[in-house]
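# Notes for the structure review
Letter by letter, the chains look like this.
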Amino acid sequence: MIKAIVIDDELHAIETLVWKIKNLSENIHIQATFTDPEEGLRYLQSNEIDLLFLDIEMPILGGFDILRRLQPINFDVIFVTAYDEYGIKAIKYSALDYLLKPVQEEDLKIALEKVAKKKKQGLLPAQLEVLLQNMNAMQKESRRIALATKESIELVHPKDIVLCQADNNYTMVFMQGRKKKLISKTLKEFEETLEDHHFFRTHQSYLINLNHIQEYIRKDGGYMVMSNQMKVPIARSKKEELMKFLI
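Below, the structure is looked at part by part.

Rules of the game
Residues numbered from 1 in each chain as written. Predicted model: local features only at pLDDT ≥ 70, side-chain atom pairs only at ≥ 80, totals over all residues. Heavy atoms only, no water. Helix = DSSP H or I, 4+ residues; strand = E, 2+ residues; numbered from the N terminus. Buried < 20%, exposed > 50% of the residue type's maximum accessible area, 1.4 Å probe, protein only. Contact = heavy atoms within 4.5 Å. Areas by Shrake-Rupley, 256 points an atom, 1.4 Å probe, with all protein chains shown as cover. Pairing = 2+ DSSP bridges. Axes fitted to C-alpha atoms, helices over the stretch in contact; angles between N-to-C directions. Polar contact = N/O pair within 3.5 Å; in protein donor to acceptor, adjacent residues only side chain to side chain. Expected span 1.5 Å × (residues − 1). Arc of directions from axis to C-beta. Left-handed = near helix turned anticlockwise from the far one by under 90°. Nonpolar A, V, L, I, M, F, W, Y, C, P; charged D, E, K, R; others polar.

Broken down by element type, the chain carries eight helices and 15 strands. For the chain, with 247 residues in total, the buried portion stands at 50%. Pairs at least 24 apart in sequence give 56% of the contacts found in the chain among residues at least 6 apart. When the accessible surface of the chain is totalled, it reaches about 13300 Å², and 47% of it is carbon and sulfur.

So, on to the sheet that holds strand β11 (residues 199–203). Taken together, five strands build an open sheet; the order of strands is β10-β9-β8-β12-β11 and the sheet is antiparallel. Pairing within the sheet leaves two strands with one partner each, and these edge strands are β10 (180–183) and β11. Each adjacent strand pair in this sheet contributes to an overall mean axis angle of 20°, direction not counted. Pairing of strand β9 (residues 170–175) with β10, which is carried by four bridges, proceeds in the antiparallel orientation. Considered in β10, the bridge of threonine 171 is made with isoleucine 183.

This part covers the side chain of histidine 212. You can see histidine 212 is positioned in the loop between β12 (206–209) and β13 (213–217). In this structure the side chain of histidine 212 is engaged in a polar contact, spanning 2.8 Å, whose partner is the side chain of serine 227.

The end-to-end C-alpha distance of helix α1 (residues 11–24) is 20 Å, a good match for the 20 Å that 14 residues give at a rise of 1.5 Å each. Turning to α1, its buried residues number three or more, namely Ala13, Ile14, Leu17, Val18, Lys20 and Ile21. Down the axis of α1, the buried side of the element spans an arc of 165°, and every buried residue falls inside it. Pointing more than 90 degrees away from the buried face of α1 are the exposed residues His12, Trp19 and Lys22. Here the buried face of α1 lies against β1 (2–7), β2 (28–34), β3 (51–55), β4 (76–81), β5 (97–100) and α5 (105–117).

With that out of the way, let us pick up the packing of α1 against α5. α5 packs onto α1 with a crossing angle of 60° between their chain directions and a minimal axis gap of 10 Å. Relative to α5, the crossing made by α1 is right-handed. Taking contact as the criterion, the partners of Leu17, Trp19, Lys20, Ile21 and Leu24 in α1 are, on α5, Glu105, Leu108, Lys109 and Leu112. By residue class, the composition of the contact of α1 with α5 is six nonpolar, no polar and three charged.

Below is the structure:
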């Protein structure tokens, strides 16, 4: 059984979320809910939980303020927020999960399935650090993304990623220097996260960094040679759009 609490200054939001959680999962026990973030913080400081549903924008004490006061953190966090697109992207970059208000059942179901699948890892300091850096960054070029595996969390600049290759529900991320990491995120998720950094989906299984294209080969149906010498196929439906970036 996953022990969880909810901190949100809006009572109706808590009631709706709890009702949906109970309908979707029998494995999550909501131990407590708090509309007062300071009370929620005190509870977290003296009780063990597995999962925190946390609102970001709250009076006096916001969600990020709570996390800053709780280091180290040994539970998972799902943000529940009405934050704008900029804030949402910052959360994505830090490899953390979120639900956008009003919470949709399908999104909640996916988030709960992720929690059930992975072992309790907790919000590591590196994740919180990159989240806060991204929130404060004024230019998208200065942001880093977190590549989280069971063994580590590596913070990388998008410009250092050469390409991403789908591997079922995982993605193999190839970086400069022939480094690679298998990440428990779909290629679609990486496509959304990297959409502002000159990445292009050439094929259902490949997302490439346009800045790392070394050569376009016309024969054999056409393919790209990347800076790490990998050959990437190009779907017929993508060729015309891709040529706009190359010519």
